[in-house]
Amino acid sequence: SQQGEEDPQALSIQEGENATMNCSYKTSINNLQWYRQNSGRGLVHLILIRSNEREKHSGRLRVTLDTSKKSSSLLITASRAADTASYFCASYTGGFKTIFGAGTRLFVKA
Amino acid sequence: GAVVSQHPSWVICKSGTSVKIECRSLDFQATTMFWYRQFPKQSLMLMATSNEGSKATYEQGVEKDKFLINHASLTLSTLTVTSAHPEDSSFYICSARGLAGPGSTDTQYFGPGTRLTVL
C-alpha cells in the first residue's frame, strides 16, 4: 500500500480539549504536511515541516517530526466545534510524490 | 497564494460513457500535476503523475487505458474516465507543483475536487 498509517482513525473530544493525531510514513521524506478536509470538500493546507525540523507551531497547531521513527504528530490545542473534520498527513518523498496517510476523523462536541 | 481549479465540480453520468475532468493552475505554471482518487471516508490515493508534454506515470493498480491523462500545457491537465462504471464513482482531486514564484516547489497546491457519480 502506498499509504502511511494514522492513529487514531477517529477521535471524539469536548470543545476546549486538546486533540493529538499521529502519523507514520514509509520512506525517507523531504517534508511532511498536514491537511484538513471537511466532509465532501477539498483539502486545506495546515502546516509543512521539513525533514531537518523537529517541531513547528502555527496558531493552535503544533507539529512534531521524528525522522528516526518515521512519524509525526499534530496537536490542536483548545479545540473548537469548527475543528471537526478529517486530518491527513502527507509525506513528500524524493520521488516527487506526495503520499497521504489514512487520516483521522476528528469530532469536537460543543 | 497559488490557485488550482477543477472543472466540473461534480458530474453525473450513465454507465459506459466517458467523462473528462479539467485541472488548471490559474496563476502559476505547473510542470508536474498529480491526480488522486478518494472514496468515501477514505484517504487520497495517488493515481498518476503527469509532466507537461510527456506521458503520465501511473501508480500500481491504476489502469492507464481507463484513466487517460493529458498534460498538454503548463497550466492544464485533464483526466478522462473512459467507459465509466458505478465503481468509478469517487472524488477526484488534482494537484499541481509549480515553478519558482507563486508555486513553490515545496508545496503542492490542490484543486477543490470533482465528485463523479456513475449511474
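Please read these numbers as outputs of a predicted model, since none were measured by experiment.

1. Side note on the overall build of chain B
- Check the secondary structure of chain B and you find zero helices and eleven strands.
- For chain B, the N- to C-terminal ordering of α and β elements is β-β-β-β-β-β-β-β-β-β-β.
- Here the C-alpha radius of gyration of chain B, 14 Å, is about what a compact globule of 119 residues would show, namely 14 Å.
- Taken along the three principal axes of its C-alpha coordinates, chain B extends 40 × 25 × 20 Å.
- Within chain B, residue pairs in contact and separated by at least 24 positions form 56% of the contacts whose partners lie at least 6 positions apart.

2. Description of the overall build of chain A
- Looking only at helices and strands, one finds zero helices and eleven strands in chain A.
- Secondary structure of chain A in N-to-C order comes out as β-β-β-β-β-β-β-β-β-β-β.
- What you see for chain A is a C-alpha radius of gyration of 13 Å, in line with the 13 Å of a compact globule of 110 residues.
- Dimensions of chain A, computed from C-alpha atoms along their principal axes, come out at roughly 40 × 25 × 20 Å.
- Scored against the burial criterion, the 110 residues of chain A give a buried share of 45%.
- Contacts in chain A between residues at least 24 apart in sequence constitute 53% of all its contacts with a sequence separation of at least 6.

3. Thoughts on the packing of aromatic side chains
- Within the structure shown, the criterion is met by eight aromatic pairs over all chains.
- By the ring-pair criterion, three or more aromatic residues cluster together here, those being A:Tyr35, A:Phe88, A:Phe100, B:Tyr36 and B:Phe110.
- Here the basic side chain of B:Arg97 rests over the ring of A:Tyr92, its NZ or CZ set 4.0 Å away from the ring centre.

4. Brief notes about the sheet that holds strand 7 (residues 67-73) of chain B
All names here are of chain B.
- Taken together, four strands build an open sheet; the order of strands is 1-3-8-7 and the sheet is antiparallel. Of all the strands in the sheet, just strand 1 (4-7) and strand 7 have a single pairing partner and so form its edges. Across the sheet, the axes of successive neighbouring strands diverge by a mean angle of 15°, strand direction being ignored.
- Summarising the sheet, strand 3 (residues 19-25) and strand 8 (residues 76-81) pair through six bridges and their orientation is antiparallel. When the bridges of strand 8 are listed, Val19 appears paired with Val81.

5. Things to note about the pairing of strand 5 (residues 43-50) of chain A
All names here are of chain A.
- Pairing analysis gives seven bridges linking strand 4 (residues 29-37) to strand 5, with the strands arranged antiparallel. Across the sheet, residue Gln37 finds its bridge partner in strand 5, namely Leu43.
- Hairpin remark: strand 4 followed by strand 5, antiparallel, with five residues in the connecting loop; positive phi at Gly40, about 75°.

Conventions we followed
- Residues numbered from 1 in each chain as written.
- Chains lettered and ligands numbered in written order.
- Predicted model: local features only at pLDDT ≥ 70, side-chain atom pairs only at ≥ 80, totals over all residues.
- Heavy atoms only, no water.
- Helix = DSSP H or I, 4+ residues; strand = E, 2+ residues; numbered from the N terminus.
- Rg over C-alpha atoms; globule rule 2.2 N^0.38 Å.
- Contact = heavy atoms within 4.5 Å.
- Buried < 20%, exposed > 50% of the residue type's maximum accessible area, 1.4 Å probe, protein only.
- Phe/Tyr/Trp six-rings, centres within 6.5 Å; stacked < 30°, edge-to-face > 60°.
- Lys NZ or Arg CZ within 6 Å of the ring centre and 35° of its normal.
- Pairing = 2+ DSSP bridges.
- Axes fitted to C-alpha atoms, helices over the stretch in contact; angles between N-to-C directions.

None of the figures reported here should be taken as evidence of function without further support.
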